[in-house]
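What follows is the residue order along each chain.
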Amino acid sequence: MPPTYSPIETEERWSRFWEEGEFFTASVAHDDVRPTYTLVMPPPNVTGTLHIGHACRTTFEDVLVRRKRMQGFNTLWVPGTDHAGIATQVVVERQLKREGLTRHDLGRERFIKRIWEWKEQSGGAILKQIQRLGGSCDRSRERFTMEPDLSYAVQEAFIRLYNEGLIYRDTRLVNWDVESRTVLSDLEVETEQQVSGELFDFAYPIEGEEGELVVSTTRPETMLGDTAVAIHPEDPRYLHLHGKYVRHPFLDRSIPIVTDAILVDPEFGTGAVKVTPAHDWNDFETGKRHGLPQINLLNPDGTLNEEAGEFQGMDRFEARKAVKARLEAIGLARGSTKHMMTLPRSQRSGTIVEPIISTQWFVRMEPLAAPAIEAVENGTIQIVPEDWQKTYFHWMRNIHNWCISRQLWWGHPIPAWYCKKCEQVHVAASPPQTCTACGNDEFVQDEDVLDTWFSSALWPFSTLGWPNTESRELKRFYPTADLETGYDILFFWVARMIMMGLHFTGQVPFKRVLLAGLVTDERGEKMSKVKGNVIDPIDVIQGASIESILAKAKQAGAKDSALKYLKKTYPDGLATHGADALRMALMSYAPGSRRIALSIKRIETYRNFTNKLWNASRFSLMNLEGTGTQSTGSPPVNPEVLVNRWILARLATVIEGVTQGLDEYRGDEASSAVYHFLWDEFCDWYLELTKPLLASDRREIAVETRQTLMHVLETTLRLLHPMMPFITEEIWQRIDKTEAPTSICLAPYPVAAVEGRADPEAVREMEHLKSFVVKTRTIRAEHDLPNSRSIDVYWHTPEAQVARVLEEQQALIERLTGATIHRVKTPEELQHHTAAATFVLEPLRGVVPDVVDSERERERLGRELKRVEKDLAIVSKKLGNPSFIDRAPAEVVQKERTRLATLTEQRAKLSSAIAALPA
């Protein structure tokens, strides 16, 4: 093995090897009787390249899939990308803008062709990134939401839902994005809280008599669409106005005064409320109660239309100022006050959303939601972390009908045809021969497209061949097993997949939903290209200069402030870390966290871990080379050497820990368990302990140790492989094995009962040895005793088992500490030594004579005594709590009582040692 590990060359080589070997291709052969494990990739949008959040999702999904593959499952991880209607159209329109063009200059056909060209470029880059991260998806089954088969599935789903009465067309209030010029669903509108605004008062003259009615509004321009003023029916101030009218000051319009106890709060403002049914959600419902006309003021681009009279053509915010000025000029303005309010913003463009009246297509959600609620209630689908179930139920039980039509050019066309003569709607895959209403034979297709989330709601089964129920993939791999995704799309995507899956297939689309947090920068701020805090995973893997990072940010439209942030954060660019280090860093965060603040320092930690693994493996294989030792997949039978028994016991424990962590969707616990085993136990202890054993004159000891070393190394590589696939493959291929597949990704995943050995006695005995060594080394460090200086350690213990272990392992301890150790028969003998450093290890006490500065030793023992007294106070408080005694399991209470006795004894011995020091 080379002295240093090169991640870039290694990772690229094994990526090619896996792809060329088709190791990740799922089987649909009839004679393949393996259990299946299916996972569909949340399809990234074809709007650019993957960001670090995608890398987090890809990593954990790959860990799940690789482990199942090693456990003997016929695995299918379906890769793909989403056409992302609004987002992709916006990206391409911005490209055209830089060229001085609009989509209207190209026309619909050429514009869509331009988007397909962008998709080929962006989608290809995304899947290459996934491969570079080590994603073991089945590339032969790569899907795209706009490809013919999936488009057919979308069309079929729409037609079926329409025929079942679950899709309908209606004119009603919707959310309008004036920048993207399309309607949005409720979920695509984000509410900005506590925005400082203005409550503007103006007066409507009462028609036919003296007097006025003052109303308040935060959007004065909407008064141009007012069709009523509402008052409370019991408000004594306005009883005389029931049934009367006010006069619009700019437009030739009489406006009725209506009474409405639902809309009007007499205590708020003036107690009179202007009603604009076409531009306010509450007013829309009020308008329906009173049969009021709906006057739409807005053009698609947010300018005012002909209904606005003299204000026609103005931008909505320009019109707001103009209307206020006009009211001031004619003496109807009545002042304004500061007002904290909420603003609805488009999740897509960030612009303020306008409610408008529009004719759109909707899905009736309540009938679809009921079975989806039941599936989670009865445990057919498990949501992890479980806390999200409450949120899921709340949203599903208060669900609104879903507006699915979008005024875009890029997307799935709505399969609806309108008769040119009578405008009768016909929903079908192709236009009918004749109109069922009038017999006409000319039709025009609906110009709108479907919401992106409609097609992605079908993803788990449309990607497997639905609506072809005879599809081999659908029969073999559906329902899928797990869905791993971010919590932020629980309702956008997850809930809708559950509803559609149950409705169209009669089965849940997946058994378990694994929700992860949002990856942020180190300060906890959401990553944004404009902010400049986005980390490109490929830059982390391969390294990047600050010039390259800045160039990418500029191309993405980052502001000057963002560029300054990048220069300050990464002055020297990004070093090469490798995919394995990035994966382990991402795995180390608790998936249940709402926000995952990714730290480059943490990635560096795992780059160091990669190097540690490489060096440890290199040392091991150098010592095994030429000895004929092979990995057999089984540990040595009945090992005799303590350190070999111990490492096999610890191996069994770490396999159990990693397995439990991954089973419970705790990648942080799984990665931590194997990290600490490899670094702290295998590298720092076991390899050091094996050096004299490998060189032992007793052949049986050397052979047993070589077999154990080989087995533990090979097994740990298989245990770690799903998390760090590249380096584990590289090392594993260098191991001499009796029987093995061509790749570690097909090797069996470790099982604790097979690869390890439960041996609690060996673990206890090794703890005595390790503690003795650590205490002795600590005394060397604290008293500046170089390793070249020989020291004596005198020790005593009343415990026969502890004494036996230390005497049996005396030669090993002396080699590790550079000390000569002596057992004394009584504790009093320890007090005869002068200037001695003392240590206490229950049930053992030791001294190192002639090394101590009394004052320094008193300080050291004092620090140790404070630590013991602090622990003693915590245990005493716990045992003094009646609630703990009554409620905790008996074994837990007994454990704390034993710890109390041990700490009490330690305190006494430390106090005695301090008292014995010369003044």
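First, a word on what this report is: a plain description of the structure on this page. Just so you know, these numbers come straight off a predicted model, no measurement behind them. (Residues numbered from 1 in each chain as written. Predicted model: local features only at pLDDT ≥ 70, side-chain atom pairs only at ≥ 80, totals over all residues. Heavy atoms only, no water.)

1. Some words on the overall build of the protein chain
Now for step 1: Along the protein chain, the regular secondary structure elements total 30 helices and 29 strands.
Now for step 2: Per-residue burial over the protein chain gives 54% buried out of 919 residues.
Now for step 3: For the protein chain, long-range pairs separated by at least 24 residues make up 76% of all intrachain contacts whose partners lie at least 6 apart in sequence.
Now for step 4: As displayed, the protein chain has an accessible area near 40400 Å², and 48% of this comes from carbon and sulfur atoms.
Now for step 5: Side-chain charges in the protein chain split into 110 positive and 128 negative, and the spacing between the mean points of these groups amounts to 3 Å. (Helix = DSSP H or I, 4+ residues; strand = E, 2+ residues; numbered from the N terminus. Buried < 20%, exposed > 50% of the residue type's maximum accessible area, 1.4 Å probe, protein only. Contact = heavy atoms within 4.5 Å. Areas by Shrake-Rupley, 256 points an atom, 1.4 Å probe, with all protein chains shown as cover. Lys, Arg positive; Asp, Glu negative; His and termini not counted. Charge placed at Lys NZ, Arg CZ, Asp CG, Glu CD.)

2. Remarks on the sheet that holds strand 19 (residues 425-427)
Now for step 1: With antiparallel pairing, three strands are arranged side by side in an open sheet as 19-18-20. The sheet is open, and its two edges are formed by strand 19 and strand 20 (443-445), each paired on a single side. Neighbour-to-neighbour, the strand axes of this sheet turn through a mean angle of 30 degrees, independent of strand direction.
Now for step 2: Sheet topology note: the strand 18 (residues 416-419)/strand 19 ladder contains three bridges and is antiparallel. (Pairing = 2+ DSSP bridges. Axes fitted to C-alpha atoms, helices over the stretch in contact; angles between N-to-C directions.)

3. What to know about the layout of surface pockets
Now for step 1: Considered as a void within the structure, the second largest pocket measures approximately 1000 Å³ in volume.
Now for step 2: For the lining of the second largest pocket, the elements supplying multiple residues, two or more each, are strand 7 (189-205), strand 8 (212-217), strand 12 (272-275), helix 7 (281-290), helix 8 (316-329), strand 13 (333-346) and strand 14 (354-363).
Now for step 3: Taken together, the residues that form the lining of the second largest pocket break down as 15 nonpolar, 13 polar and seven charged. (1 Å grid on protein atoms, 1.4 Å probe; cavity = no way out; pocket = protein on both sides within 12 Å on 5 of 7 lines; lining within 4 Å. Points joined across faces, edges and corners; volume = space filled by probe spheres on them. Nonpolar A, V, L, I, M, F, W, Y, C, P; charged D, E, K, R; others polar.)

4. Comments concerning unusual backbone geometry
Now for step 1: The omega torsion of the bond from V384 to P385 falls at -5 degrees, within 30 degrees of zero and hence cis.
Now for step 2: Position of P385 relative to the elements: it lies in the loop between strand 15 (382-384) and helix 10 (388-397).
Now for step 3: The phi dihedral of E423 falls on the positive side, at around 65 degrees, and the residue is not glycine.
Now for step 4: By the element assignment, E423 lies in the loop between strand 18 and strand 19.
Now for step 5: Exposure remark for E423: the relative accessible area of 63% places this residue in the exposed category.
Now for step 6: Here the phi dihedral of N638 falls at roughly 45 degrees; this positive angle occurs in a residue that is not glycine.
Now for step 7: Mapped onto the secondary structure, N638 falls in the loop between helix 19 (600-624) and helix 20 (642-663).

5. Things to note about the pairing of strand 26 (residues 791-796)
Now for step 1: Within strand 26, five of the six residues are buried, which leaves the element mostly enclosed by the surrounding structure.
Now for step 2: Here strand 26 runs beside strand 27 (residues 819-823); their pairing, made up of five bridges, is parallel. Paired with D792 across the strands is T820, a residue of strand 27.
Now for step 3: For strand 26 and strand 29 (residues 844-848), the ladder comprises three bridges, and the chain directions are antiparallel. Counterpart to H796 in the pairing with strand 29 is R845.

6. Let's talk about the pairing of strand 7
Now for step 1: Inspection of the sheet shows strand 7 paired to strand 13 by 11 bridges, in the antiparallel sense. By the bridge assignment, S196 is partnered in strand 13 with M340.
Now for step 2: Both strand 7 and strand 8 contribute to a ladder of six bridges, which runs antiparallel. For P205, the partnering residue across the bridge sits in strand 8 and is E212.
Now for step 3: Between the end of strand 7 and the start of strand 8, which pair antiparallel, lie six residues, with G208 showing a positive phi angle near 85 degrees.

7. What about the side chain of T629?
Now for step 1: The topology assignment puts T629 in the loop between helix 19 and helix 20.
Now for step 2: Given a relative accessible area of 10%, T629 falls into the buried group.
Now for step 3: One polar contact links T629 to T627, side chain to side chain, over a distance of 2.8 Å. (Polar contact = N/O pair within 3.5 Å; in protein donor to acceptor, adjacent residues only side chain to side chain.)

8. Remarks on the sheet that holds strand 8
Now for step 1: Here we have three strands laid out as an open sheet, ordered 8-7-13, and antiparallel in their pairing. Single-partner strands in this sheet number two, and they are strand 8 and strand 13. On average, each strand axis in the sheet is inclined to that of its neighbour by 20 degrees, with strand direction left out of account.
Now for step 2: Relative to strand 7, helix 8 is tilted by about 20 degrees, and along the sheet it contacts strand 7 and strand 13.

9. Details of the nonpolar core
Now for step 1: By size, the foremost hydrophobic cluster in this structure holds 137 residues, and its most contacted members are M584, V658, F682, L689, L720, M723 and F772.
Now for step 2: No other element matches the 13 residues that helix 21 (residues 667-694) contributes to this core.
Now for step 3: In contact with F682, not counting residues within four places along its chain, are A616, S620, I647, F677, L687, L709, V712 and L713. (Core = buried A, V, L, I, M, F, W, Y, C linked by side-chain atoms within 4.5 Å.)

10. What to know about the packing of aromatic side chains
Now for step 1: Here the structure, examined in full by the defined rule, presents 32 aromatic pairs.
Now for step 2: An angle of 50 degrees between the planes, with centres 6.0 Å apart, marks the rings of W18 and F24 as tilted.
Now for step 3: Residue W18 is classed as buried on the basis of its relative accessible area, which comes to 2%.
Now for step 4: Ring geometry for Y606 and Y675: centres 5.4 Å apart, planes at 65 degrees, overall edge-to-face. With a gap of 69 residues between them, Y606 in helix 19 and Y675 in helix 21 connect regions that are remote in the sequence. Of the two residues examined, Y606 and Y675, each falls in the buried class.
Now for step 5: A network of ring pairs unites the aromatic residues F158, Y162, W361, W402 and F454 as a single cluster. (Phe/Tyr/Trp six-rings, centres within 6.5 Å; stacked < 30°, edge-to-face > 60°.)

11. Topic: empty space enclosed by the protein
Now for step 1: In this structure the tally under the stated criterion is four cavities of 30 Å³ or more.
Now for step 2: A volume near 100 Å³ is recorded for the largest cavity.
Now for step 3: In terms of lining, the largest cavity is formed by 13 residues, of which the most central are C56, F60, L586, Y589 and P591.
Now for step 4: No other element matches the four residues that helix 2 (residues 52-70) contributes to the lining of the largest cavity.
Now for step 5: Looking at the second largest cavity, the residues that line it are R219, E221, T222, H279, L297, L298, L304, R316 and E354.

12. Regarding helix 17 (residues 560-569)
Now for step 1: Restricting attention to buried positions, one finds in helix 17 the residues A562, L563, Y565 and L566. For helix 17, the buried positions fall inside an angular range of 155 degrees around the axis, keeping them on one side. When the buried face of helix 17 is taken as reference, the exposed residues oriented beyond 90 degrees from it are D560, S561, K564 and K568.
Now for step 2: Each element contacted by the buried residues of helix 17 is listed here: helix 16 (546-555). (Arc of directions from axis to C-beta.)

13. A few points about the environment of E829
Now for step 1: Mapped onto the elements, E829 comes out in the loop between strand 27 and strand 28 (837-841).
Now for step 2: Considered as a pair, E829 and G269 are 560 residues apart in the sequence and their alpha carbons are 91 Å apart.
Now for step 3: From its side chain, E829 meets the backbone nitrogen of T826 in a polar contact 3.1 Å long.

14. Things to note about the pattern of salt bridges
Now for step 1: For the structure shown, the criterion picks out 62 salt bridges.
Now for step 2: Across the pair R512 and D482 runs a salt bridge whose closest N-O atoms are separated by 3.0 Å. Residue R512 is located in strand 23 (residues 510-516), and its partner D482 is located in strand 22 (residues 480-486); the two are separated by 30 residues in the primary sequence.
Now for step 3: We classify R512 as buried; its relative accessible area is 14%. (Salt bridge = Lys/Arg side-chain N within 4 Å of Asp/Glu carboxyl O.)

15. A short note on the state of the cysteines
Now for step 1: In total, this model carries zero disulfides according to the counting rule given.
Now for step 2: For the unlinked cysteine C422, the closest cysteine sulfur is that of C435, found at 3.6 Å.
Now for step 3: For C435, a relative accessible area of 3% translates into the label buried. (Disulfide = S-S within 2.5 Å.)

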